[in-house]
Amino acid sequence: MLELISDLEERFDPLEDWRTGTRVGIGLATGCDDVFVVEDAPEVERCRLLPMLTARDIVSGTPRWSGRFLVNPWEEGRLVDLGEYPGLASYLQRHGGRIRQRYVARNRPESWYRTIDRVDPGLQARPKIVLPDLKSAAHPVLDTGEFYPHHNLYYVVSDKWDLEVLGGLLLSDIANLFVGAYCVKMRGGTYRFQAQYLRKVRVPAPDAIDAANASALAQAFRSRDRAAATHVAAALYGIDLSDLLDATAYGP
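Let us look at the structure shown here. (Residues numbered from 1 in each chain as written. Predicted model: local features only at pLDDT ≥ 70, side-chain atom pairs only at ≥ 80, totals over all residues. Heavy atoms only, no water.)

So, on to the overall build of the protein chain. Along its length, the protein chain carries 11 helices and 14 strands. If one aligns the C-alpha atoms of the protein chain with their principal axes, the spans along those axes are about 60 × 35 × 30 Å. Among the 252 residues that make up the protein chain, the fraction classed as buried is 51%. Here the contacts in the protein chain between residues at least 6 apart in sequence split such that 71% fall between residues at least 24 apart. Summing over all exposed atoms, the protein chain offers an accessible surface of approximately 12,000 Å²; the carbon and sulfur share of this is 50%. (Helix = DSSP H or I, 4+ residues; strand = E, 2+ residues; numbered from the N terminus. Buried < 20%, exposed > 50% of the residue type's maximum accessible area, 1.4 Å probe, protein only. Contact = heavy atoms within 4.5 Å. Areas by Shrake-Rupley, 256 points an atom, 1.4 Å probe, with all protein chains shown as cover.)

And the structure:
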């Protein structure tokens, strides 16, 4: 397995690459989800409620939003003035005791109502692949630009990739091979699909994939056909399927 990984690392570039504008990140952490992530907060202004996608929303392979929102105190990377949003201010003050107990609030008392992470202004509307952290195999799902990811999701955005084609590569057993080589296998046979491991996945250049293979990868992604995705990916990587099966059978 290590020889195969080493060979792929020599011949292909990492998933996260400035040349393709491809970036891997993690969703937003609040430090107090039961206050900031809600199904409804009638008093809060609607413009301050951001539709949030969680790991349980993508179990089926497509986003099925559970109706949960982020109570969003950010605007263009800055905390909003609570005086301009009395509904938001009332809600946050009502839960102020809980919010102020967080380390981030004690460390920055003047911005006590911030979430741990800032909201990236363009991320919600941007098409992205989202992946849950704990899985026995990679579970990439496409969000076409409707939701903001929760911190139990990792995401991939790109300027050059057709995300369904990239999703097919990430669905394949080759993506699992890379992640399995670097992370510790958890109880129950699950892996941690965290950003630092996803960044190590090697991929062909987007423009090196011909139209037929790109179409086949996209179709495999849409139909959640891991075997078909692996078959196409193996050819693109120049891997014999039997070698790949041997590597994945023995694990890292």
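Strand order in the open sheet formed by 4 strands is β3-β5-β4-β11, and the pairing between neighbours is mixed. Of all strands in the sheet, those bounded by a partner on one side alone are β3 (37-38) and β11 (148-149). With 2 bridges connecting them, strand β4 (residues 49-53) and β11 associate as parallel partners. Paired with L53 across the strands is P149, a residue of β11. (Pairing = 2+ DSSP bridges.)

Time to look at the nonpolar core. A general feature of soluble globular proteins is that nonpolar side chains tend to end up buried together. Residues L8, W161, L166, L169, V203 and Y237 are the most contacted members of the largest nonpolar core, which totals 38 residues. Secondary structure elements with two or more residues in this core: α1 (2-11), β8 (128-132), β12 (153-157), α6 (163-171), α7 (173-182), α8 (195-198), α9 (211-223) and α10 (226-237). Residues in contact with V203, not counting those within four places in the same chain, are F12, D13, P14, L15, W161, L166, L169 and Y237. Residues C32, V35, V37 and V119 belong to the second largest nonpolar core, which totals 37 residues. (Core = buried A, V, L, I, M, F, W, Y, C linked by side-chain atoms within 4.5 Å.)

On to the packing of aromatic side chains. Here the structure, examined in full by the defined rule, presents 4 aromatic pairs. A centroid spacing of 4.9 Å and a plane angle of 65 degrees characterise the contact between F12 and Y237, whose relative ring orientation is edge-to-face. Here the residue F12 occupies a position in the loop between α1 and β1 (13-14), and Y237 occupies one in helix α10, the gap between them amounting to 225 residues. Each member of the pair, F12 together with Y237, is buried. With 5.4 Å between their ring centres and 75 degrees between their planes, W112 and Y113 make a pair best called edge-to-face. Classification of W112 by relative accessible area gives buried; the value is 9%. Through a chain of ring-to-ring contacts, the aromatic side chains of W65, F69 and F147 assemble into a single cluster. The lysine or arginine in question, R46, covers the ring of F69, its NZ or CZ lying 5.3 Å from the ring centre. Stacked on the ring of W112, the Lys or Arg R100 has its end atom at 3.8 Å from the ring centre. (Phe/Tyr/Trp six-rings, centres within 6.5 Å; stacked < 30°, edge-to-face > 60°. Lys NZ or Arg CZ within 6 Å of the ring centre and 35° of its normal.)

Relative to the elements of secondary structure, K160 occurs in the loop between β12 and α6. Sequence separation of K160 and T22 is 138 residues, and the distance between their C-alpha atoms is 7.5 Å. The contact partners of K160, leaving out residues within four places of it in the chain, are R19, T20 and P206.

Given 3.6 residues per turn, any residue in an α-helix points the same way as the ones three and four places further on. When α1 is considered as a whole, its buried residues turn out to be L4, I5 and L8. Down the axis of α1, the sector holding all buried residues measures 100 degrees, keeping them to one side. Looking at α1, the residues exposed on the side facing more than 90 degrees away from the buried face are L2, E3 and E10. (Arc of directions from axis to C-beta.)

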